[in-house]
Every structure is written in C-alpha cells, then in structure tokens.
Amino acid sequence: MTEWFREHPVITYLIILVLITYVYNKVFKTRRLPILKEAIIYLMLAIGAGMLLLFQLGALPIVLCLAVAVGLMFLVRIRYFIEGRTKKQ
C-alpha cells in the first residue's frame, strides 16, 4: 500500500488534504470565520498536507492514521445518532 502512495504522490496529497480538512471542520471549527481568515486556515492546511505528504513518502503511515481518525469520528457520530433516537422514544 505504501508503494502505491509513493507512485502516486498527487493523489496521496489530495487524500491527505481531504482527510485533514474533514478533521478540522468536524473537530476544531466552532464558528464561521471571516473569509480571509478561512482562506488563511485552508492555506495552512494545504501547507501542512504537504509536510504530511513528505512524512508519508518517508515511510510513515500518515494516510492510515488519518483514515483511522476519520473512522473513529464516524463511529462517534453514529453513536450520538442512535442515542438521540432512543431518547426520543
């Protein structure tokens, strides 16, 4: 799997960028910011994704770790959804 990521660095960069953007939006974003601040934050996320790409290409499992984090976030959302439905009944 890591060999595939090394052969396709642009796709790997996009995967990392999408995953860290999702984590930022669901965990750290609390309110709507002005457009310039939003642009700066997403620019910093893009630069950070580039750094994480270098770590991924250097044999660290960055994509796998981000995928596990997003998977755990999905499990928490499903749990809250189920708890909300049981409290309504």
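Rules used throughout
Residues numbered from 1 in each chain as written. Predicted model: local features only at pLDDT ≥ 70, side-chain atom pairs only at ≥ 80, totals over all residues. Heavy atoms only, no water. Core = buried A, V, L, I, M, F, W, Y, C linked by side-chain atoms within 4.5 Å. Buried < 20%, exposed > 50% of the residue type's maximum accessible area, 1.4 Å probe, protein only. Contact = heavy atoms within 4.5 Å. Axes fitted to C-alpha atoms, helices over the stretch in contact; angles between N-to-C directions. Helix = DSSP H or I, 4+ residues; strand = E, 2+ residues; numbered from the N terminus. Parallel < 35°, antiparallel > 145°, perpendicular 65-115°, else oblique. Left-handed = near helix turned anticlockwise from the far one by under 90°. Nonpolar A, V, L, I, M, F, W, Y, C, P; charged D, E, K, R; others polar. Phe/Tyr/Trp six-rings, centres within 6.5 Å; stacked < 30°, edge-to-face > 60°. Salt bridge = Lys/Arg side-chain N within 4 Å of Asp/Glu carboxyl O.

1. A few points about the nonpolar core
Next up, step 1: The biggest cluster of nonpolar side chains holds 15 residues, and the ones touching the most others in it are Ile-16, Ile-20, Leu-66 and Val-70.
Next up, step 2: Sequence-distant contacts of Val-70, that is, excluding residues within four places in its chain, are made with Leu-19, Tyr-22 and Val-23.

2. Re the packing of helix 2 (residues 9-28) against helix 3 (residues 35-57)
Next up, step 1: The N-to-C vectors of helix 2 and helix 3 enclose an angle of 130 degrees; their axes lie 9 Å apart at closest approach. Taken together, helix 2 and helix 3 sit at an angle that is classed as oblique. As for the relative orientation of helix 2 and helix 3, their crossing is right-handed in sense. On the side of helix 2, the interface is formed by Pro-9, Thr-12, Tyr-13, Ile-16, Leu-17, Ile-20, Thr-21, Tyr-24 and Asn-25, while helix 3 contributes Ile-41, Tyr-42, Leu-45, Ala-46, Ala-49, Gly-50, Leu-52, Leu-53, Gln-56 and Leu-57.
Next up, step 2: For the contact of helix 2 with helix 3, a count of residues per class yields 14 nonpolar, five polar and no charged.

3. What about unusual backbone geometry?
Next up, step 1: Phi angles above zero are rare outside glycine, and Ala-59 is one such case at about 90 degrees.
Next up, step 2: Along the chain, the position of Ala-59 falls in the loop between helix 3 and helix 4 (62-88).
Next up, step 3: According to the relative accessible area criterion, Ala-59 is partly exposed, its value standing at 47%.

4. Concerning the packing of aromatic side chains
Next up, step 1: A full pass over the atoms with the stated rule returns three aromatic pairs.
Next up, step 2: Ring geometry for Tyr-24 versus Tyr-42: centroids 6.0 Å apart, planes at 85 degrees, classification edge-to-face. Of this pair, Tyr-24 sits in helix 2 while Tyr-42 sits in helix 3; the two residues are 18 residues apart in sequence, bridging distant segments of the chain.
Next up, step 3: Take Tyr-24: its relative accessible area is 12%, and that puts it in the buried class.
Next up, step 4: Tyr-42 gets classed as partly exposed once you look at its relative accessible area, which sits at 29%.

5. Concerning the pattern of salt bridges
Next up, step 1: Going through the model one piece at a time under the given rule, you end up with three salt bridges.
Next up, step 2: When the shortest N-O distance is used, the salt bridge between Glu-3 and Arg-6 registers 3.1 Å. Here Arg-6 and Glu-3 lie together in helix 1 (residues 2-7), a separation of three residues that amounts to about one turn.
Next up, step 3: The partly exposed category is assigned to Arg-6, whose relative accessible area is 35%.
Next up, step 4: One salt bridge in this structure joins Glu-38 and Lys-29, with 3.3 Å as the shortest N-O distance.

Fair warning: the whole summary comes from geometry, so function is off the table for now.
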